[in-house]
Structure formats: C-alpha cells, structure tokens
Amino acid sequence: QVRLVESGGGLVQAGGSLRLSCAASGRTFSNSAMGWFRQALGKEREFVAAISWNGGITYYANSVKGRFTISRDNAESTVYLQMNSLKPEDTAVYYCAAASKIAGGTMARSSYDYWGQGTQVTVSS
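Along each chain, residue indices are assigned from 1 in the same order as the chain's sequence is written. Selection of residues for local features in this predicted model requires a pLDDT of at least 70, selection of side-chain atom pairs for listing and counting requires 80 or more, and totals for whole chains, interfaces and linings are taken over all residues. By convention in this description, side-chain values take in all heavy atoms of the structure and omit both hydrogens and water.

Draft legend 1. Just the overall build of the chain, in detail. In terms of helices and strands, the chain carries zero helices and eleven strands. The helix and strand labels rest on DSSP assignments: H or I over at least four residues marks a helix, E over at least two residues marks a strand, and numbering proceeds from the N terminus. Listed N to C, the secondary structure of the chain is β-β-β-β-β-β-β-β-β-β-β in terms of helices and strands. Put simply, the radius of gyration uses C-alpha atoms, and a globule should come to 2.2 Å times the residue count raised to 0.38. Computed over C-alpha atoms, the radius of gyration of the chain comes to 13 Å, within 12% of the 14 Å expected from 2.2 N^0.38 for 125 residues, which places it in the range of a compact globule. Here the C-alpha coordinates of the chain stretch approximately 40 × 25 × 25 Å along the principal axes. At a minimum sequence separation of 6, the contacts of the chain that also span at least 24 residues come to 59%. For the chain, the computed accessible surface area is about 6200 Å², with 47% contributed by carbon and sulfur atoms. Only four residue types enter the charge count: Lys and Arg as positive, Asp and Glu as negative, with His and the chain ends excluded. Where a charge lies is defined by one atom per residue type, namely NZ (Lys), CZ (Arg), CG (Asp) and CD (Glu). Positive and negative side-chain charges of the chain, numbering 12 and 8 respectively, have mean locations separated by a distance of 2 Å. Should any heavy atoms of two residues lie within 4.5 Å, those residues are considered in contact. The protein chains shown are the only cover counted for residues, whose accessible areas, like all others here, come from Shrake-Rupley with a 1.4 Å probe.

Quick look at the structure:
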C-alpha cells in the first residue's frame, strides 16, 4: 500500500517556475516507478513525466521535455517535479502516481495503481 500527498502547486505567471513534491508512505515506494500526470479542465488525464525506482531512467512527454525535470529521494520517500518556463497550457491539476509492480518506469497510465489527490497549477499569461 502506498499513500501519496502532493504539494507545491499554485498560481504563477508565464515563464515562471514551480516545484511540486509528492510525499509517499508505504514500504513499496523505493521499489516503485513514479510518475506525474496532469488533467486540464474538460480534458483527459495525460502523462507528464516518470522515473524508475532508482532515478536512473526518466521519461517525459514531448510537451514538457526540456522544461520539466522529475527526480526522487528514496531516503525521504519523495518525488519531485521541477517545472520551468511555464506556459498557460501547463495549467492543470497535477497528480503523483506510483506503479508498484514496475520498477523501470512507464508512461502508461494503466500501470499506475496508486494516486495522490492532486495539486492545482495555474499559469497566467
């Protein structure tokens, strides 16, 4: 069982930065791939970034590549999403997720079996 709590969302101007955090509890965190997804109003939830159990492999959606960075600290049971050069189209609720059966990382939403409650990110133009 893994419980995930996101924080760090807020309102920022275009071009600005935010850092999201996801604190995890549960014994399987350090063995799990972790991911960030987002859902804009009226749209489907989409993949943003993922990281393998040891941080050695990362994946990014094309729309955020070069602007966002995912990282993790297994000692602190926390995964991060550093978001730079934010754009209005990045506005969404951002969700942290854990794939407890996949260590190597995955972009597939269906592979994630634990989800946080989400944190709102709003980018003004």
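Draft legend 2. The environment of Glu89, seen in detail. Counting through the fold element by element, Glu89 comes out in the loop between strand S8 (78-83) and strand S9 (92-99). It is 20 Å that separates the C-alpha atoms of Glu89 and Met107, two residues lying 18 residues apart in sequence.

Draft legend 3. Representation of the sheet that holds strand S1 (residues 3-7) within the structure. Pairing is antiparallel across the open sheet formed by four strands, whose spatial order is S1-S3-S8-S7. What marks the edges here is a single partner per strand, and that holds for S1 and strand S7 (68-73). Neighbour to neighbour, the strand axes of the sheet diverge by 15° on average, direction disregarded. Only when DSSP finds a minimum of two bridges between them are two strands counted as paired. Across six bridges, strand S3 (residues 18-25) lies against S8 in antiparallel orientation. Counted as the bridge partner of Ala23 is Thr78 from S8. Fitted lines through C-alpha atoms give the axes, limited to the stretch in contact for helices. The angle between two N-to-C directions lies from 0 to 180 degrees.

These figures capture arrangement, not role.
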